[in-house]
Amino acid sequence: EAWKSGFMSELFKIELLGYEENPLRSNSERKFPDNDDFSSLETLIVNTNYMSDAQWNEWVESHIDVDNFIRYMVVHDFFAVGDTANWNYYLYNYGKMVFLPWDNELGMELNSGRIYGDGKIQRRILTVPSVRTAYKQAMTDLADDTAFLNELKAQVDKWYDEAFLAVKNDPSYRYTEKDFTNMKNYIKYFISNRGDIVKGLL
């Protein structure tokens, strides 16, 4: 049992080829400590698959950092990140599990219905009534936060203005100046319109 008095933190890089696969040593990586103890990750997967709803609800509240999870999933789902269903995220466990982003370049599909998570673990956590309610409220708050979204669009302009000279002098592989500008405009369009789409899906 990983969650016990004196437990030291651990970090996993997640790659699950199958959620019923235990042990997971051949796919996911234990980044630290440097040993082969995958028991806490295996416990998470077994409980995801087999716990009753009542047991699961109680277990999540005790063993998942719910506030972190909601923040992670709201950003993940608002921006329609497309490749983290079974891999491409980290789990940090300090006694409660924290979801951390990794390799999130695939996203911003405006009409994506990708909300409430895209992986079995995330979807099951979001079945917990208190977590689901908080997620929906946080997603609505983000979608309605016009000031923040406008600030984000202004930041996109700033980043692209700073990078444009470099792109003009040495365009990235397969991308022209026009591609670069079109992408900036699409990102701003996405930010302006994604909120209404998300609220329609909640």
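Above this text you will find the structure in question.
Residues numbered from 1 in each chain as written. Predicted model: local features only at pLDDT ≥ 70, side-chain atom pairs only at ≥ 80, totals over all residues. Heavy atoms only, no water.

Student: For the sheet that holds strand E1 (residues 10–15), give the residues involved together with the corresponding values.
Tutor: Ordered by their spatial adjacency, four strands build an open sheet running E2-E1-E3-E4, and the pairing between neighbours is antiparallel. Each end of this open sheet is capped by a strand with a single partner; those strands are strand E2 (29–32) and strand E4 (97–101). Neighbour to neighbour, the strand axes of the sheet diverge by 25° on average, direction disregarded. In this sheet, strand E3 (residues 87–93) lies alongside E1 in antiparallel orientation, the contact comprising six bridges. Across the sheet, the residue bridging to phenylalanine 12 is leucine 91, located in E3. Strands E1, E3 and E4 of the sheet are contacted by helix H1 (residues 39–50), whose axis makes an angle of about 50° with E1. (Pairing = 2+ DSSP bridges. Helix = DSSP H or I, 4+ residues; strand = E, 2+ residues; numbered from the N terminus. Axes fitted to C-alpha atoms, helices over the stretch in contact; angles between N-to-C directions. Contact = heavy atoms within 4.5 Å.)

Student: Outline helix H5 (residues 129–144), listing residues and values.
Tutor: With 16 residues, H5 extends 23 Å from end C-alpha to end C-alpha; this agrees with the ideal 22 Å at 1.5 Å per step. Those residues of H5 that sit buried are Val131, Tyr135, Met139, Leu142 and Ala143. The arc that holds every buried residue of H5, seen down its axis, measures 95°, which confines them to one face. Residues of H5 that are exposed and point more than 90 degrees away from the buried face comprise Pro129 and Thr133. In the core, the buried residues of H5 are packed alongside helix H2 (53–63), helix H3 (66–78), helix H4 (120–125), helix H6 (146–169) and helix H7 (177–201). (Expected span 1.5 Å × (residues − 1). Buried < 20%, exposed > 50% of the residue type's maximum accessible area, 1.4 Å probe, protein only. Arc of directions from axis to C-beta.)

Student: So what's going on with the pattern of salt bridges? Which residues, and what values?
Tutor: Summed over the entire model, instances satisfying the criterion amount to nine salt bridges. Residue arginine 30 is joined to glutamate 10 by a salt bridge in which the shortest nitrogen-to-oxygen separation is 2.4 Å. Taken together, the residues arginine 30 in strand E2 and glutamate 10 in strand E1 connect sequence positions 20 residues apart. In this structure arginine 30 comes out as buried when scored by relative accessible area, which is 13%. Of the residues examined, glutamate 10 reaches a relative accessible area of 2% and is grouped as buried. Of the charged contacts, one joins glutamate 162 and lysine 158 as a salt bridge, the two residues approaching to 2.8 Å between their closest N and O atoms. Of the two residues, glutamate 162 and lysine 158 both sit in helix H6, four residues apart, roughly one turn of that helix. The exposed category is assigned to glutamate 162, whose relative accessible area is 51%. The exposure class assigned to lysine 158 is partly exposed, which follows from its relative accessible area of 42%. Three or more residues are tied together by salt bridges with common partners; here these are Asp144, Asp196 and Lys199. (Salt bridge = Lys/Arg side-chain N within 4 Å of Asp/Glu carboxyl O.)

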